[in-house]
Amino acid sequence: METDCTRDDVPADRAVAPLAAGTRLLHIGPHKTGTTALQGALFAAKEAMAGHGVDFPATSRHPMSAALAVCSRPGMMGNSKPTDRHWETLVGQVAATGRRTSVVSSEFFADAPDDATIARIVEELGGDRVHVLVTLRPLARIMPSQWQQYVQNGLRMGYEDWLEHMLRKPPHEKPNPSFWRRHRHDRLIERWVRAVGPGRVTVVVVDDTDRGGLMRTFEALLGLPENLLQEVPDTANRSLTLAETEMLRNLNVEFRGNELPEELYSQLVRYGAVMHMKNACTPGPGDVKIRTPRWAAEAAAGIGAEAAERIGASGVRVIGDLALLSAVPRQPDTPADAEPRIAPEVAAQALYGALAAAAAAPVRSSVPAQSRTVHQTPSKELVKVLGHRCLKKLRRR
């Protein structure tokens, strides 16, 4: 495919041209394109990078609250809503880097709702010093990862039903309107090009067969020594298996059906059961992975091909092979009809994580007298009462 964009899909032994000194590099994701690994590596190398003239101004690995606030997005289900203070803090941290090169990374910048918000982000982070970087992977690889991430935030819809809604049911906005906002990659790039121009946008196509390729590309763009950025092991960020995701999805159904407080979900499920399960359990070769049906993978590849063509014609700098965006990934080796089964030890670790989170909130007052015994109380009402009591304990911490 012939394009008129600036290309850097060159052999590995030829260096990627670095950005100008003093650039404020803004990495906007989107989600599921290696963002967490990259943010962990940048944060771990913060001091070393500073010695080479590159600052990572955020005080945490991922300034998610700042990005959510400026994009007017709520926090994760049950988390407190980010405020302008989070964004203003990040802006101040970036300004404090002065004329030095700096880098800010959050995939939630891809959720910017309109051109005015994008223009504000660019202006307040440095105006014409801002260079936007977008990392991309094949859509067919993103979809299963994004679905299970949505489940971790309360989604109750199964994978194939979700694919039907995203790919076959216009306007393709339910149940997750954020999906195509993030992952119609050509339109995402076009929105940011309108704010900064094509000369200040770089697109990196992630090659999943090149494990360290994304780190090496960032080093080259920032003028850092090779191998300075190293992936930091993070079991808490691993994807869930199909059985784990289905267990959580069914829990979401019960949680919503019983109208429990969302804060309880955040504390006991996301940061209790799921976090502990991820940390304690490593998926084995027998675990069933999430499989994308052939029709959906091919539909995603078609969208990726269209996006690649438009990106190629946009004039932005492209590092990597845009043809990868239309690839249909190889399916997992497990049979298509393999039954996802949760191992007893995995279920136990998830339950323990929830119990440990609940136990961390000490009881500070006696239980009020009841007009009915537990046995006289309908189970649905009892679950709601217990949920609210547990939430009250958590709030007292």
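Use the structure listed above.
The following paragraphs examine the structure supplied in this document. (Residues numbered from 1 in each chain as written. Predicted model: local features only at pLDDT ≥ 70, side-chain atom pairs only at ≥ 80, totals over all residues. Heavy atoms only, no water.)

1. Topic: the pairing of strand S4 (residues 101–105)
Across the 5 residues of S4, 5 count as buried, placing the element largely inside the fold. Burial along S4 is two-sided: the residues Thr101, Val103 and Ser105 and Ser102 and Val104 are all buried. Where strand S2 (residues 24–27) lies against S4, 4 bridges are found, and the strand directions are parallel. By the bridge assignment for S4, Leu25 is matched with Val103. By the bridge criterion, 2 bridges tie strand S3 (residues 54–55) to S4 in an arrangement that is parallel. What sits directly across from Asp55, in S4, is Ser102. (Buried < 20%, exposed > 50% of the residue type's maximum accessible area, 1.4 Å probe, protein only. Helix = DSSP H or I, 4+ residues; strand = E, 2+ residues; numbered from the N terminus. Pairing = 2+ DSSP bridges.)

2. Details of the packing of aromatic side chains
This structure, assessed with the given rule, holds 8 aromatic pairs. With a centroid separation of 6.1 Å and 65 degrees between ring planes, the pair formed by Phe43 and Phe56 is classed as edge-to-face. Here the residue Phe43 occupies a position in helix H1 (residues 35–44), and Phe56 occupies one in the loop between S3 and helix H3 (64–70), the gap between them amounting to 13 residues. Among the residues examined, Phe43 registers a relative accessible area of 33% and is labelled partly exposed. (Phe/Tyr/Trp six-rings, centres within 6.5 Å; stacked < 30°, edge-to-face > 60°.)

3. Here's the deal with the environment of Pro144
Structurally, Pro144 can be placed in helix H6 (residues 139–151). Taking relative accessible area as the criterion, Pro144 reaches 13% and is therefore assigned buried. Excluding residues that lie within four positions of it along the chain, Pro144 makes contacts with Tyr159, Ile290 and Thr292. (Contact = heavy atoms within 4.5 Å.)

By themselves these figures say nothing about function.
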